[in-house]
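One letter stands for each residue in the lines below.
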Amino acid sequence: MRGRPPRGRIVGLTAAVGLALPAGAHAAEVAFSIPDQPRELALLVLARQAGISLGFAPGARCDGRAGVSGRMSVDAALGRLLAGSACVARRPDARTVVIRPAPVAPASTSRPAPAPAAHPAEADLAELVVTADKTEQLLSQSASGLTAVGGAELARAGVADVRDLSLLAAGVTVTNLGPGRDKVILRGLSDGPLTGHTQSTVGLYLGDLRLTDNAPDPDLPLADVARVEVLRGPQGSLYGAGSIGGVLHIVPNAPDPSARAGSLSATLSATAHSAGSYELQGIFNQPFGDGDGAVRAVAWSEQSGGTIDDVGRGLKDVDRTRRVGVRATLLWRVAPDFDLDAVVMEQNIDTRDAHYADPAVGTLSRSSTIAQPHDNDFVAGALGARWSPSWGRLTLSLGALDHDVGTTYDATAAPMALVPAGARPRSFTDRNEIRALVAEGRAASAGPGRFQWKAGLFAAFGNQTLEGRLTTVEGPTGYEEARRDRLREAAAFGEVSYDLTPTLTATAGGRLFQSRLHTWSEVSLGAPVRTFRGSTRYNGFAPRFVLAYRPWPNVTLYAQAAEGYRTPGFNTSGPADQVFSETGGAQPLRRYAGDELWSYEAGGRWRSPALGLALRLAAFRADWTDIQADILLPSGLPFTANLGDGSSRGIEAEATWRRGPFEVAGNVVWQEPELRYPEAGLPARADTGLPGVPKLSYAASAAYNRPLAATWDLELRATFAYVGRSRLAFDAVTAPVMGGYGDLRLSAALSGTDLTARIFADNLLNRRGDTLAFGNPFLLRTTTLATPQRPRTVGVTLTRQF
């Protein structure tokens, strides 16, 4: 932050949000070490050392100098820092402090004490501090297409996973193959619904841990999170490959050393044309070491009843899904300016059968010969160290993951070229295991000054094992491929910002990167028929330029240009007689090229606490060259193509209005993704655009909150979301239309001091829109498939805090 902290902003660190702390948490003692310095900077240091959010209301001018040292409560430290100033402190909740102008000029010996509560309008000032750009920054000052949603808002809106983020954030698209099989798409930058060898277009992160590279979303629930940040546009300069469309940053609640706390919640729901469903979740926070550290754990167990009938096997509700997981986090405050943390997590998703239907059989039915299960097992861990000296902030992180994904398809429609002579195809099993080790160190400046900077080093080591096997009715194995990929990445990145004037800031930076890929593959059909070994290297520089203009405290206008990229790779799948082009020409290419994307964006934010209004508007254009996409050979096996050059342009807007007990919010995106110059030899349609992305989508919500008694509140909420029409793929053969559906949700929540009861109804109108016209690669060219919306679901959730 430069100069005086802007008014009406939260400028401290956002700490754990979600569990209500006991009243005694206000009095928990913290070891403070805040040297004498300008009073407002000292308050920011207090926020960091105490792990709270601290903000300045409009008109608060806390001039002078102050400091404090010793072990004491946050309230006592605030009193000492504010003594003799023209400010007072109020506590909207146990984790937030609002600094306000004093009603009258205090005497020099006065020591204003924090009040236990604040008016709800003050709580609206509690703006999130975001870290998606790898520095701490106020959301209202972010010069990017960033949306941040706090954990409490996620809970009120009933957003339990990434798929539902489109209710709160514009332009978030998630394919609907099923839990643990989906892709996340931002701003129309789609490479199709299939998951093959291409890197993700959107980087998924839990804290500093990268969750995916070229695997589907592991589908972790948004359980016990402080906030979710959606950062749109290519982030190659800070995040590297696999973030060509943006970054989705999940920030979990940090362990709280000030108090023991926790919660238990249970959800029961009933879905039309389905078995019942349940969700169980528990959270526990335990301090240790006299307030110097804490351990926090969250565990979940869910079962979602199936909705698809398989008439071929005479079974109902075949696609039941179970999800079980746990995440544990440790925080140790070694010193007031030095923290160590660790996190471990494990999740298992088991889907008994595929979610797609055959409309020719029924809206919620199909006919298969075998079960088509899917499993997604995810294990990860990370270590972190954060040092906050007077000159800035140093962060070191080390993460490791093991992600194992397996899917079985009914392959009775597979071509005979994939089985031995005289045999009939039966099933195809695809397994993908990714093991990765990722390390990053970065430093950033802090404090006042016209010049700010951040810089870092990155390294990643990844090994991927892919196995595809087709079985036959008669028993012998048909087509089989074993493949091993070894990827090594290294990068140096940085950005500098300079205040050209008090209201105009220029930022420039980039990432210097290099990657190496080694691939080995063996294809067999009873005996080995094709072996491949290859290596490729990719290096370059991905820049980013930003110009931010802040003419008034509540307004930020910006323009930026940035580049993203994905690395090249090799195609190896295909029947025994499959031919690969070595130097261009007919698809599939043996080596597909890396793709690059330049994005140009202009936008603005306006926040008016007086009106209770917050707006964000952005216009964007992206030029994408050598687009990578996973598509299907005539055999039904996948390969990666360079489709050609394309673009995406659009406008997105988000708005929230709060006044008294009322809240109205909405978001809309209009985008026009298109494949402008298709690669020769690909049967592209002129009207397809990029696959799976609607031109128009929007969501709107309205909520009413009123107290029923001294300790009880009632909230009523209605939400409607619409997803426009799109095509599944870019080519003329496999491009069925899907989308064009809406989802109406209603909920009512009754909240007390430590108990919340929420009833809800999703898809209230019981629509059966096609969310994804895909389900089986061997049927795509011959059968129209659909993945219908989940039918009307009603349920109740009880949450008990302790």
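Scroll up to find the structure this text is about.
Residues numbered from 1 in each chain as written. Predicted model: local features only at pLDDT ≥ 70, side-chain atom pairs only at ≥ 80, totals over all residues. Heavy atoms only, no water.

(A) Summary view of the overall build of the chain. For the chain, the helix and strand inventory stands at five helices and 43 strands. Looking at the 802 residues of the chain, the share that counts as buried comes to 57%. In the chain, 68% of the contacts between residues at least 6 apart in sequence involve partners at least 24 apart. Of the roughly 30700 Å² of accessible surface on the chain, a fraction of 59% belongs to carbon and sulfur atoms. (Helix = DSSP H or I, 4+ residues; strand = E, 2+ residues; numbered from the N terminus. Buried < 20%, exposed > 50% of the residue type's maximum accessible area, 1.4 Å probe, protein only. Contact = heavy atoms within 4.5 Å. Areas by Shrake-Rupley, 256 points an atom, 1.4 Å probe, with all protein chains shown as cover.)

(B) Seen up close, the pattern of salt bridges. On inspection of all chains with the given rule, the structure shows 48 salt bridges. Across the pair Arg745 and Asp164 runs a salt bridge whose closest N-O atoms are separated by 3.0 Å. Residue Arg745 is found in strand β41 (residues 737-751), and its partner Asp164 is found in the loop between α4 (151-157) and β10 (172-174); the two are separated by 581 residues along the sequence. On the basis of relative accessibility, which here comes to 15%, the residue Arg745 falls in the buried class. A salt bridge links Glu229 to Arg227; its shortest N-O distance comes to 2.5 Å. Several salt bridges converge on common partners, so that one network encompasses Lys134, Asp208, Asp341, Arg386, Glu440 and Arg442. (Salt bridge = Lys/Arg side-chain N within 4 Å of Asp/Glu carboxyl O.)

(C) Spatial organisation of the sheet that holds strand β13 (residues 209-210). The sheet built from five strands is open, its strands ordered β9-β14-β15-β12-β13 with mixed pairing. Strands at the two margins of the open sheet, each flanked by one partner only, are β9 (146-150) and β13. Sheet analysis places strand β12 (residues 202-206) next to strand β15 (residues 246-252), joined by five bridges and oriented parallel. The residue of β15 that forms the bridge with Leu206 is Ile250. (Pairing = 2+ DSSP bridges.)

(D) Structural detail: the environment of Tyr549. Among the structural elements, Tyr549 can be located in strand β29 (residues 528-549). C-alpha of Tyr549 to C-alpha of Thr505: the two residues are 44 residues apart in sequence and 6.5 Å apart in space. Setting aside residues up to four positions removed in sequence, Tyr549 forms contacts with Thr503, Leu504, Val555, Thr556 and Leu557.

(E) View of the nonpolar core. By size, the foremost hydrophobic cluster in this structure holds 36 residues, and its most contacted members are Leu154, Val159, Leu165, Leu222, Val228, Leu248 and Met345. What Leu222 contacts, discounting residues up to four positions off in sequence, is Leu154, Val159, Ala160, Asp161, Val162, Leu165, Val228 and Ile250. Formed by 27 residues, the second largest nonpolar core is a distinct cluster that contains Tyr479, Ile627, Ile631 and Leu690. (Core = buried A, V, L, I, M, F, W, Y, C linked by side-chain atoms within 4.5 Å.)

(F) Focus on helix α1 (residues 39-50). For α1, built from 12 residues, the straight-helix expectation of 16 Å at 1.5 Å per residue is met to within 8% by its first-to-last C-alpha distance of 16 Å. For α1, a buried count of nine out of 12 residues is recorded, marking the element as mostly surrounded by other parts of the structure. (Expected span 1.5 Å × (residues − 1).)

(G) Main features of the pairing of strand β24 (residues 392-410). Bridge analysis of strand β23 (residues 374-387) against β24 gives 14 bridges, and the strand direction is antiparallel. Note that in β24 the partner of Leu383 across the bridge is Leu398. Linking β23 back to β24 in an antiparallel pair, the connection comprises four residues. As paired strands, β24 and strand β25 (residues 425-445) are joined by 19 bridges and run antiparallel to one another.

(H) Just a nonpolar patch on the surface, in detail. Nonpolar side chains collect at one region of the surface, where Trp387, Trp391, Phe451, Trp453, Val496, Tyr498, Leu500 and Leu547 lie side by side and expose about 730 Å² of accessible area between them. Every element with two or more residues in the nonpolar patch is listed here: β26 (451-472) and β27 (477-501). No other element matches β27, which puts three residues into the nonpolar patch. Relative to the elements of secondary structure, Leu500 occurs in strand β27. (Patch = residues over 30% accessible without salt bridge, like charges linked within 9 Å, V, L, I, M, F, W, Y side chains within 5 Å.)

(I) Region of the structure containing helix α2 (residues 74-82). Where α2 is concerned, the buried positions are Val74, Ala77, Leu78, Gly79, Leu81 and Leu82. Among the residues trailing α2, Gly84 stands out with phi positive, at a value near 80°.

(J) Expanded view of the state of the cysteines. Using the criterion set out here, one finds one disulfide in the structure. Disulfide pairing is shown between Cys62 and Cys87; the S-S distance is 2.2 Å. Taking the sign of the S-S torsion, about -110° here, the bridge from Cys62 to Cys87 comes out left-handed. Note that Cys62 is positioned in the loop between β3 (53-56) and β4 (65-73) and Cys87 in strand β5 (residues 87-93), a separation of 25 residues in sequence. Classification of Cys62 by relative accessible area gives buried; the value is 1%. Assessed through its relative accessible area of 1%, Cys87 is described here as buried. (Disulfide = S-S within 2.5 Å.)

(K) Quick look at the packing of aromatic side chains. The final tally for this structure, using the stated rule, is 13 aromatic pairs. With centroids separated by 5.3 Å and ring planes inclined at 25°, the aromatic side chains of Tyr698 and Tyr722 adopt a geometry described as stacked. Residue Tyr698 is located in strand β39 (residues 696-707), and its partner Tyr722 is located in strand β40 (residues 713-727); the two are separated by 24 residues in the primary sequence. Tyr698 sits in the partly exposed class, given a relative accessible area of 33%. (Phe/Tyr/Trp six-rings, centres within 6.5 Å; stacked < 30°, edge-to-face > 60°.)

(L) Fine view of the side chain of Ser200. You can see Ser200 is positioned in the loop between β11 (184-186) and β12. Look past the residues within four positions of Ser200 in its chain and what remains in contact with it is Thr212, Asp213, Asn214, Ala215, Gly242, Ser243 and Arg566.

(M) Quick look at unusual backbone geometry. One non-glycine residue, His273, lies in the positive phi region at around 60°. Here His273 shows up in the loop between β16 (261-271) and β17 (277-288). We classify His273 as partly exposed; its relative accessible area is 36%. You will see that Asp626, though not glycine, has its phi angle at about 55°, which is positive. Along the chain, the position of Asp626 falls in the loop between β34 (613-625) and β35 (628-632). Residue Asp626 is classed as partly exposed on the basis of its relative accessible area of 31%.

(N) Structural context of the pairing of strand β20 (residues 321-335). Across 12 bridges, the pairing between strand β18 (residues 293-304) and β20 is antiparallel. Following the sheet pairing, Arg296 is matched in β20 by Thr329. Relative to strand β21 (residues 338-351), β20 is paired through 14 bridges, and the arrangement is antiparallel. Within β21, the residue paired with Leu330 across the bridge is Ala342.

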